[in-house]
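Residue strings, one per chain:
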Amino acid sequence: MDMNKKILIIEDEESFLSILKKVFGSEGFEVLTAKDGEHGLEAAEREKPDLIISDMLMPRMDGLSMANKLRELKISAPIFFLTNVSDQERDTKHFDYFVKSDTNIDELVKKAKEKLGILK
């Protein structure tokens, strides 16, 4: 598949980050990673990803704070939030949310491809 789309995955849980990186990489995406919101913000500024997948609750800077800073910097890549909390306040107009325990990784890949306009 020739797509050359960059995805930045920001996740502080090492094992889950590793799984996501492997799955998205095997689907042909260029995968960048960060372990917290601060490093995610730096990576997004530097690399200009096509899509960002971020945990909500992380050390150093939470996902929503990072996303708001990205928007202030005029970085408009779509953002998917992964969360373990199903009832928190959500800005569903600007971001997509996935509850980790309810989301199949294949479904996440499918949603990413839809968001980026990639059809198999």
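Below, the structure is looked at part by part. From a predicted model like this one, the values you see are computed outputs, not experimental measurements.

**Observations regarding the packing of aromatic side chains**
If you walk through the whole model with that rule in mind, you get 4 aromatic pairs. Aromatic side chains phenylalanine 81 and phenylalanine 95 sit 5.2 Å apart centroid to centroid with 65° between the ring planes, which places their arrangement in the edge-to-face category. Linking phenylalanine 81 in strand β4 (residues 79-83) with phenylalanine 95 in the loop between β4 and β5 (96-99), this pair joins segments that are 14 residues apart in sequence. Residue classification places phenylalanine 95 among the buried residues on the basis of a relative accessible area of 4%. Grouping aromatic residues by their ring pairs yields a cluster made of Phe81, Phe95 and Tyr97.

**Quick notes on the packing of helix α2 (residues 37-47) against helix α3 (residues 63-72)**
Interaxial distance between α2 and α3 falls to 9 Å at its minimum, and their mutual angle equals 25°. Judged on the interaxial angle alone, α3 and α2 are roughly parallel. For the element pair α2 and α3, the recorded crossing hand is right-handed. Contacts from Gly37, Gly40, Leu41 and Ala44 of α2 reach α3 at Met66, Lys69 and Leu70. In terms of residue class, the contact of α2 with α3 is made up of 4 nonpolar, 2 polar and 1 charged.

Rules and cut-offs
- Residues numbered from 1 in each chain as written.
- Predicted model: local features only at pLDDT ≥ 70, side-chain atom pairs only at ≥ 80, totals over all residues.
- Heavy atoms only, no water.
- Phe/Tyr/Trp six-rings, centres within 6.5 Å; stacked < 30°, edge-to-face > 60°.
- Helix = DSSP H or I, 4+ residues; strand = E, 2+ residues; numbered from the N terminus.
- Buried < 20%, exposed > 50% of the residue type's maximum accessible area, 1.4 Å probe, protein only.
- Axes fitted to C-alpha atoms, helices over the stretch in contact; angles between N-to-C directions.
- Parallel < 35°, antiparallel > 145°, perpendicular 65-115°, else oblique.
- Left-handed = near helix turned anticlockwise from the far one by under 90°.
- Contact = heavy atoms within 4.5 Å.
- Nonpolar A, V, L, I, M, F, W, Y, C, P; charged D, E, K, R; others polar.

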